[in-house]
Amino acid sequence: MTTTEQPALRTSEQICGMGHNRRRIEDDRFIQGAGNYLDDVKLPNMLHMAILRSPVAHARIVSIDTSEAQALDGVVAVVTGELMAQHNLAWMPTLSGDTQAVLATDKVRYQGQEVAAVIATDPYIARDALSLIFVDYDDLPAVVNPQQGLAGDAPLIRDEKEEQTDNVAYRWETGDAHATERAFAEAATVVELDTFYPRSHPCPLEPCGAVADVNPATGKATIYLTSQAPHAHRTLFALVAGLPEQNIRIISPDLGGGFGNKVPIYPGYVVATAASLLIGKPVKWIESRSENLISTGFARDYYMKGALALDAEGHITAMRAELLSDQGAFFADAQPTRFRAGLFHICTGSYDFPAAHVKATGVFTNKAPGGVAYRCSFRVTEASYLIERLVENAANQIGVDPAEFRRRNFIKAHQFPYRSATGFLYDSGDYHGAMDKALEMVDYEHWRAEQAKGPREDGKLIGIGLASFTEVVGAGNSREYDIAGLKMIDSAELRVHPTGKAILKLGVKSQGQGHETTFAQIVAEELGIPASDVIVMEGDTDNTPYGLGTYASRSTPVAGAATAVISRQLRDKAAKLAAHLLEASEDDLEWEPGKFSVKGAPDRSVTIQDIAFAAYTNFPEGMQAGLEGVHYYDPPNMTYPFGTYVVVVAVDPETGVWEVLKMVAVDDCGVRINPMVVEGQITGGLTEGFAMSNMQWITFDGDGNCIGSNFTDYLVPTAWETPRFDLGQTVTPSPHHPIGAKGVGESATVGSPAAFVNAVLDALKPYGVRNIDMPVLPHRVWEAVQGAPAPA
Amino acid sequence: MKIRHEFSVDRHPDSVWEFFQDIPNVASCMPGAELTEEHGEGKYSGKVSVKLGAMTATFEGQCTIDPDHGTRVCQIEGKGVDRRGGSRGQVAVEYSVDDHTDAAGGSHVTVDADVKLSGAAAQFGRAGLIQEMSSRLIDEFVQCLEAKLEATTAEEAAQIQAREVKGFSLFFASLWSTIRRWFGRSGNRRQT
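Not measured: the values here are computed from a predicted model.

## Details of the overall build of chain B
Inference 1: Counting its secondary structure elements, chain B contains five helices and eight strands.
Inference 2: Along chain B, helices and strands appear, N-terminal first, in the series β-α-α-β-β-β-β-β-β-α-α-α-β.
Inference 3: Counting only residues that meet the buried cut, chain B has 43% of its 192 residues in that class.
Inference 4: In chain B, 55% of the contacts between residues at least 6 apart in sequence involve partners at least 24 apart.
Inference 5: For chain B, the computed accessible surface area is about 10,300 Å², with 52% contributed by carbon and sulfur atoms.

What follows is the structure in structure tokens.
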């Protein structure tokens, strides 16, 4: 199955199937300011909602006085937890089977938690009225990290849960503890690493919001939602609020980024919907930048203790990992039900060894719920970071070049499909090929030689960092994968109109990935209808087939497969129609994109457009009219994109500042539907990976104040800070995916942080520095160098 | 955030202590502060306004002053809420007036403040500006007290008021102070 080149183009520029660098058609409206985002939705008689949030991290609510707010001119209603409780909506289930407060009733559990909401005729009046709500808080001590949460004297955060006696959210383990222990006992070398993957925020440029429009006459609820998973959200709304599902229509308009932030159901959505239901008018809620940054969708916050066992020849024989996860006040990870620590157990990465054991403990703290998979397939980012940092340390510890160490331990191309120590079945890969290409592109030997010369004239140290990640995406098969009981299938509905134009309707939802462009290319590839003749529709649950949505890089692996399969099914019907039109046997027909012809008589042919017309006007007796269908795809396995990233840095040991001299990223995501869009995804992902490793930092002070509520504290890199990335590719198709594609949206964010950190640590090797936690800020580099023995 | 200040005055401790019991006079030394009501038994209502760049916070609240005349140690507990910005502030101050060990008849004043902010005002962290601002407010307060104590007549003392610490002057002063700290020239203030 292994190839190293993108398959040759099968379609003309005009048809523009797979492999063409088709320009993103959605950008036409975005760059003209003609996108339709949530805040653009304006309905007649629409009211506006603002949310009062807790200023403290942990406190009992003594009283809430809303009388002054209610008296303000323009205020229609003030909603508190007490009112929500009367409708049994003060609490809601999370995607991980926990419960979460919609509006606080008993106490607040993190700074920024929703306490009350004002609905007014004007958004400014709604905000002004917040300052007229008087809440009397009785402060409680705050727990700001999982270590504190586990301490014997820690205050119980979830005291409302009857059986909860401590702050443990979950304990989970997987792998073979016994075999792993034995391998460690027999190891020639044990390599250890304690590291922390800090809390980070997906930070889409558009924050979250909702416009809820419950029609009092019909009972129909139309809810505009910043949702990456509109169908899943509809079903959950139905289950939670007890609304009949046929009366709920979720419309997810253009989304200004998501990155996982728009997967959870937030209290604001629920309150806006309840308010619209009670008042009988549409209610809009959209959060501010600070609200988005302090209260929604945090990711990571993982304390990781990892170890590798090596034999005398430098082969890895086992890995163990012990995790401590800061879940925040509610366990709200959006992840497959079976796996409490997401897919962290992919942590054996790209390496071939027989034993691994993972133990994870999730802890409640007085922070906003964390665990959102920020551009990440359910904790694979943390997993990839740990193994790639460990491998680098292992190579250094036994004195082997890190590239050579990887080469020695990689799963080999002939071993695929490969069963990993924690049970994943890797579909395909050529790790040696991807690394060799990256090393060649970066000129590895040259930089090692430069490094060997010692500090440069300006005193800066050269460091070279590698990361050879393997991702696991495309959740997932229905045997193993569900979220809150909903199986992770996805769908595509394709309707070819009589004139041969088509509409493709999907259950997934683009947040900037370019679905309108690339999914049309799959149809073009399979049916020969020009991509420009195919409209792609997503996000409206009344008008698209059911699906679990876009996150975890699953759109191409699941909905992309569904699109290919339904296109092929329509092509099969088209063949029958062509046989009818050409008065030939189906077996005597030949297909080339866009056209059936009779074998040996190429001028006897019909185009797909002719066939589409015939499907409605001239179909054979006994055949159902029309050329349309829907396919639900249940993937047989996950897909496993991979790659090698190499970063060269110059570190100034005097100031701790580091700069990227060169960065090469070789990605293998299987067959590329649109290489330009793939490169755009990789460039964006690398930028986010660079940001996490270099500058992004959300902290909490001892009282649980979130330091990072704004863009002076939470830094988003611009073109000025972002280094240049040189991109390369190898192509190893997925053997089980209809078009061999694997999904790519998250690879670069998953793989790159370890490469940047490894590069800085490689530069500091003369000082014996083994770990600096992200973000690798100058002061941390400087501190790590201080006190270290001066290099020889 | 804990801030400590110490200073000495060439006046007898009893006289300094007596000065401190004149609450309105002392309050006039706190930049942006205003006493709005006296409730008796050491309880007062008031507000403190602070402006930092685009952000204005007006903390309205109460404080309780509990002097121990025997030991010349006073505890002040205050807490306030800035409703518009959704911030809350709490401050606990302990000051003591002791005999000066070096100068006979002089006094040594120690002020320990513990400032706790929560909500929006506490969320600006990276540059440490909020910490710097709190510290500057206490700085200004103490300098004003020193000046009042050094005044020779009551009239002169009454005329000494807190200098305005707000707007961009504070912003730049804070920034300057931060920069100075980076280069290691710290003053006599200690922060923990």
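## Observations concerning the domain arrangement of chain A
Residue and element names in this part refer to chain A.
Inference 1: By domain assignment, chain A separates into domain 1 (27–35 + 490–633), domain 2 (38–142 + 230–247 + 258–286) and domain 3 (413–469 + 640–792).
Inference 2: For the pair domain 2 and domain 3, the two sides together bury roughly 350 Å², of which 36% comes from carbon and sulfur.
Inference 3: At the junction of domain 2 and domain 3, the tally comes to zero salt bridges.
Inference 4: Residue composition of the side of domain 2 that touches domain 3, grouped by class: four nonpolar, one polar and no charged.

## Focus on the sheet that holds strand 2 (residues 59–65) of chain A
All names here are of chain A.
Inference 1: Read across the sheet, three strands follow the order 6-2-8 without closing on themselves; strand pairing throughout is antiparallel. Each end of this open sheet is capped by a strand with a single partner; those strands are strand 6 (107–108) and strand 8 (134–139).
Inference 2: Inspection of the sheet shows strand 2 paired to strand 6 by two bridges, in the antiparallel sense. Each bridged residue has a counterpart across the sheet, and for R60 the counterpart in strand 6 is K107.

## Thoughts on helix 16 (residues 608–617) of chain A
Inference 1: All of the buried residues along helix 16 of chain A are A:I608, A:I611, A:A612, A:A614 and A:A615. All buried residues of helix 16 of chain A project into a common sector of 165 degrees when viewed along the axis, lining one side.

## A closer look at the packing of helix 17 (residues 675–694) of chain A against helix 18 (residues 747–763) of chain A
All names here are of chain A.
Inference 1: Running from N to C, helix 17 and helix 18 cross one another at 45 degrees; their axes reach a closest spacing of 8 Å. Comparing their axes, helix 18 and helix 17 come out oblique. Regarding helix 17 and helix 18, the two cross each other, and that crossing is right-handed. Residues I682, G685, L686, E688, G689, F690, M692 and S693 of helix 17 pack against A748, T749, S752, P753, F756 and V757 of helix 18.

## Quick look at the pattern of salt bridges
All names here are of chain A.
Inference 1: Inspection of every chain in the model, using the stated rule, returns 58 salt bridges over all chains.
Inference 2: Across the pair D98 and K161 runs a salt bridge whose closest N-O atoms are separated by 2.6 Å. With a gap of 63 residues between them, D98 in the loop between strand 4 (91–93) and strand 5 (99–101) and K161 in the loop between helix 5 (146–150) and strand 9 (168–175) connect regions that are remote in the sequence.
Inference 3: A salt bridge links R448 to D401, with the nearest nitrogen and oxygen atoms 3.3 Å apart. With a gap of 47 residues between them, R448 in helix 13 (residues 444–452) and D401 in the loop between helix 10 (380–398) and helix 11 (402–409) connect regions that are remote in the sequence.
Inference 4: One network of salt bridges, with partners in common, ties together R60, D98, D106, K107, R109, R158, D159, E160 and K161.

## Digging into the interface of chain A and chain B
Inference 1: The interface of chain A with chain B comprises 23 residues on the first partner and 15 residues on the second.
Inference 2: Here chain A and chain B share an interface that buries about 1,500 Å² over both sides, 42% of which is from carbon and sulfur atoms.
Inference 3: When the buried surface of chain A facing chain B is broken down by residue, A:P55, A:S131 and A:D713 rank first, second and third, together holding 28% of it.
Inference 4: Residue B:R88 is joined to A:D139 by a salt bridge in which the shortest nitrogen-to-oxygen separation is 2.8 Å.
Inference 5: At the junction of chain A with chain B, the criterion picks out six residue pairs in polar contact (both at pLDDT 80 or more).
Inference 6: Elements with a minimum of two residues in the side of chain A that touches chain B: strand 8 and strand 33 (706–707) of chain A.
Inference 7: For the side of chain A that touches chain B, the element with the highest residue contribution is strand 8 of chain A, accounting for three residues.

## A closer look at the packing of helix 11 of chain A against helix 12 (residues 431–442) of chain A
All names here are of chain A.
Inference 1: Helix 12 packs onto helix 11 with a crossing angle of 165 degrees between their chain directions and a minimal axis gap of 10 Å. Relative to helix 12, the element helix 11 is oriented roughly antiparallel. Crossing geometry of helix 11 relative to helix 12 is assigned as left-handed. Along the contact surface, helix 11 presents A403, R406 and R407, while helix 12 presents H432, M435, D436 and L439.
Inference 2: The residue inventory of the contact of helix 11 with helix 12, partitioned by class, reads three nonpolar, one polar and three charged.

## Some points on the state of the cysteines
Where two cysteines share a covalent bond between their sulfur atoms, that bond is called a disulfide.
Inference 1: Going through the model one piece at a time under the given rule, you end up with one disulfide over all chains.
Inference 2: Here B:C29 pairs with B:C144 through a disulfide, and the sulfurs are 2.1 Å apart. Measuring handedness by torsion sign, the sulfur bridge of B:C29 and B:C144 sits at about -70 degrees and is left-handed. Of the two residues, B:C29 sits in the loop between helix 2 (23–27) and strand 2 (33–40) while B:C144 sits in helix 3 (residues 129–150), which places them 115 residues apart along the sequence.
Inference 3: Since its relative accessible area comes to 5%, B:C144 is described here as buried.
Inference 4: In this model A:C16 remains outside any disulfide bridge; the closest cysteine sulfur is found in A:C669, 17 Å from its own.
Inference 5: By relative accessible area, which is 9% here, A:C16 ends up buried.

## What about the packing of aromatic side chains?
Residue and element names in this part refer to chain A.
Inference 1: A complete count under the given rule lists 27 aromatic pairs over all chains for this structure.
Inference 2: Measuring from ring centre to ring centre gives 5.6 Å for Y351 and F410, while their planes differ by 20 degrees; the resulting arrangement is stacked. Highlighted residues: Y351 in the loop between strand 16 (316–328) and strand 17 (355–364) and F410 in the loop between helix 11 and strand 18 (418–419), separated in sequence by 59 residues.
Inference 3: With a relative accessible area of 1%, F410 lands in the buried category.
Inference 4: With 5.8 Å between their ring centres and 70 degrees between their planes, Y418 and Y426 make a pair best called edge-to-face. Each member of the pair, Y418 as well as Y426, carries the same accessibility label: buried.
Inference 5: Ring pairs connect the aromatic residues Y351, F410, F416, Y431 and F642, which therefore count as one cluster.
Inference 6: One Lys or Arg, R320, reaches over the ring of F184 and ends 4.1 Å from the middle of that ring.

## Concerning the nonpolar core
Residues and elements named next belong to chain A.
Inference 1: M84, L308, F344, W658 and L764 are the most contacted members of the largest nonpolar core, which totals 156 residues.
Inference 2: With 10 residues, helix 18 is the largest single contributor of residues to this core.
Inference 3: Apart from residues no more than four positions distant in its own chain, W658 is found in contact with V649, A650, V651, F690, S693, N694, F756, V760, V776 and V781.
Inference 4: Formed by 51 residues, the second largest nonpolar core is a distinct cluster that contains V496, L504, I566 and Y633.

Thresholds applied
Residues numbered from 1 in each chain as written. Chains lettered and ligands numbered in written order. Predicted model: local features only at pLDDT ≥ 70, side-chain atom pairs only at ≥ 80, totals over all residues. Heavy atoms only, no water. Helix = DSSP H or I, 4+ residues; strand = E, 2+ residues; numbered from the N terminus. Buried < 20%, exposed > 50% of the residue type's maximum accessible area, 1.4 Å probe, protein only. Contact = heavy atoms within 4.5 Å. Areas by Shrake-Rupley, 256 points an atom, 1.4 Å probe, with all protein chains shown as cover. Domains from an automatic or database assignment. Buried area = accessible area lost by both parts, 1.4 Å probe. Salt bridge = Lys/Arg side-chain N within 4 Å of Asp/Glu carboxyl O. Nonpolar A, V, L, I, M, F, W, Y, C, P; charged D, E, K, R; others polar. Pairing = 2+ DSSP bridges. Arc of directions from axis to C-beta. Axes fitted to C-alpha atoms, helices over the stretch in contact; angles between N-to-C directions. Parallel < 35°, antiparallel > 145°, perpendicular 65-115°, else oblique. Left-handed = near helix turned anticlockwise from the far one by under 90°. Polar contact = N/O pair within 3.5 Å; in protein donor to acceptor, adjacent residues only side chain to side chain. Disulfide = S-S within 2.5 Å. Phe/Tyr/Trp six-rings, centres within 6.5 Å; stacked < 30°, edge-to-face > 60°. Lys NZ or Arg CZ within 6 Å of the ring centre and 35° of its normal. Core = buried A, V, L, I, M, F, W, Y, C linked by side-chain atoms within 4.5 Å.

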